[in-house]
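# Structure at a glance
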Amino acid sequence: AVRSKSIRFMHVDQIEGDIWTIKGETLKGRKGQTADFRVPLSPQAQEIIEQARPMARDGYLFPSPQRGVISDATMARLMERRGMTERPHGFRSSFRDWVAEKTNTPHDVAETALGHSVGGAVERAYKRTDHFEQRKTLMRRWADYTTAQTAKIVRIG
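What you are looking at is a predicted structure, and each value in this text was computed from that prediction instead of being measured.

This part covers the overall build of the chain. A tally of regular secondary structure across the chain gives seven helices and three strands. Burial statistics for the chain: of 157 residues in total, 32% are counted as buried. Contacts in the chain between residues at least 24 apart in sequence constitute 54% of all its contacts with a sequence separation of at least 6. Carbon together with sulfur atoms contributes 51% to the accessible area of the chain, which is approximately 10,000 Å² in total.

Let us look at the pattern of salt bridges. All chains considered together, the criterion is met by seven salt bridges. Ionic pairing is found between D18 and K136, a salt bridge with its closest N-O pair at 2.9 Å. Here D18, found in the loop between β1 (15-16) and β2 (19-22), pairs with K136, found in helix α7 (residues 132-146); they are 118 residues apart in sequence, far enough to count as distant. Taking relative accessible area as the criterion, D18 reaches 23% and is therefore assigned partly exposed. Across the pair R77 and E80 runs a salt bridge, and its minimum N-O distance is 3.5 Å.

Here we come to the sheet that holds strand β3 (residues 37-40). Picture the strands of a sheet paired through backbone hydrogen bonds; they go either parallel or antiparallel. With antiparallel pairing, the three strands of this open sheet are ordered in space as β1-β2-β3. Edge positions in the sheet fall to β1 and β3, since each of these pairs with one other strand and no more. For β2 and β3, the ladder comprises four bridges, and the chain directions are antiparallel. Within β3, the residue paired with W20 across the bridge is V39. Its contacts with the sheet put α7 on β2 and β3, and the angle it makes with β3 is roughly 40°.

Here we come to helix α4 (residues 91-102). Look at α4: 16 Å from first C-alpha to last across 12 residues, which is about the 16 Å you get at 1.5 Å a residue. Here α4 has its buried residues at R92, F95, W98 and V99. All buried residues of α4 fall inside an arc of 125° around its axis, so they share one side. More than 90 degrees from the buried face of α4, the exposed residues found are A100 and E101. Each element contacted by the buried residues of α4 is listed here: α5 (107-113) and α7.

In this structure, M10, I15, W20, I22 and L61 are the most contacted members of the largest nonpolar core, which totals 14 residues. Those elements giving two or more residues to this core turn out to be β2, β3 and α2 (43-52). In contact with I15, other than residues within four places in its own chain, are M10, W20, L41, I49, R53 and L61.

So, on to the side chain of R135. With respect to the helices and strands, the residue R135 is situated in helix α7. Engagement of the side chain of R135 in a polar contact is seen with the backbone oxygen of D130, the distance being 2.7 Å. Apart from the residues within four sequence positions on either side, R135 is in contact with F37, R38, V39, P40, V109, T112, A113 and D130.

All buried positions along helix α3 (residues 74-81) are accounted for by T74, A76, L78 and M79. Buried residues along α3 sit in contact with α4.

For the structure shown, the criterion picks out six aromatic pairs. Ring geometry for F95 versus W142: centroids 5.3 Å apart, planes at 80°, classification edge-to-face. Here F95 is found in helix α4, whereas its partner W142 is found in helix α7, with 47 residues between them in sequence. The same class applies to F95 as to W142, namely buried.

Here is what the cut-offs are and how they apply
Residues numbered from 1 in each chain as written. Predicted model: local features only at pLDDT ≥ 70, side-chain atom pairs only at ≥ 80, totals over all residues. Heavy atoms only, no water. Helix = DSSP H or I, 4+ residues; strand = E, 2+ residues; numbered from the N terminus. Buried < 20%, exposed > 50% of the residue type's maximum accessible area, 1.4 Å probe, protein only. Contact = heavy atoms within 4.5 Å. Areas by Shrake-Rupley, 256 points an atom, 1.4 Å probe, with all protein chains shown as cover. Salt bridge = Lys/Arg side-chain N within 4 Å of Asp/Glu carboxyl O. Pairing = 2+ DSSP bridges. Axes fitted to C-alpha atoms, helices over the stretch in contact; angles between N-to-C directions. Expected span 1.5 Å × (residues − 1). Arc of directions from axis to C-beta. Core = buried A, V, L, I, M, F, W, Y, C linked by side-chain atoms within 4.5 Å. Polar contact = N/O pair within 3.5 Å; in protein donor to acceptor, adjacent residues only side chain to side chain. Phe/Tyr/Trp six-rings, centres within 6.5 Å; stacked < 30°, edge-to-face > 60°.

Structure, rendered in structure tokens:
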């Protein structure tokens, strides 16, 4: 449920077991914040990561065929070429709608899964949880919902 930029810039050394840790200062809306964001990885996400590792370059899990990382339009073009009507920019919205309509997940947990800050500064000073265990369960359910079979990496370029 994270933004595509975080995924595109995913670095091999950010992954430890079933946890992906994103530096807080790289997340949208978190400028000046040093708190890292832990992302629980479902078994399906872990499988994709393991399939991508051999193709990693310069530490990036999803490198561009040239230099750096894949562009923000890569997935959209791939989906377009395959005749799919879906587009990547709708993934986060689809996740949030699914959470609201198909689960009884508390608002704070759902928003945290999207990487959003919840509550005001005073509330956040006292409520420091990242709801990790609840998000871990939620992301496993989301992965189960969205995958009918084991995901496979598609080589682009």
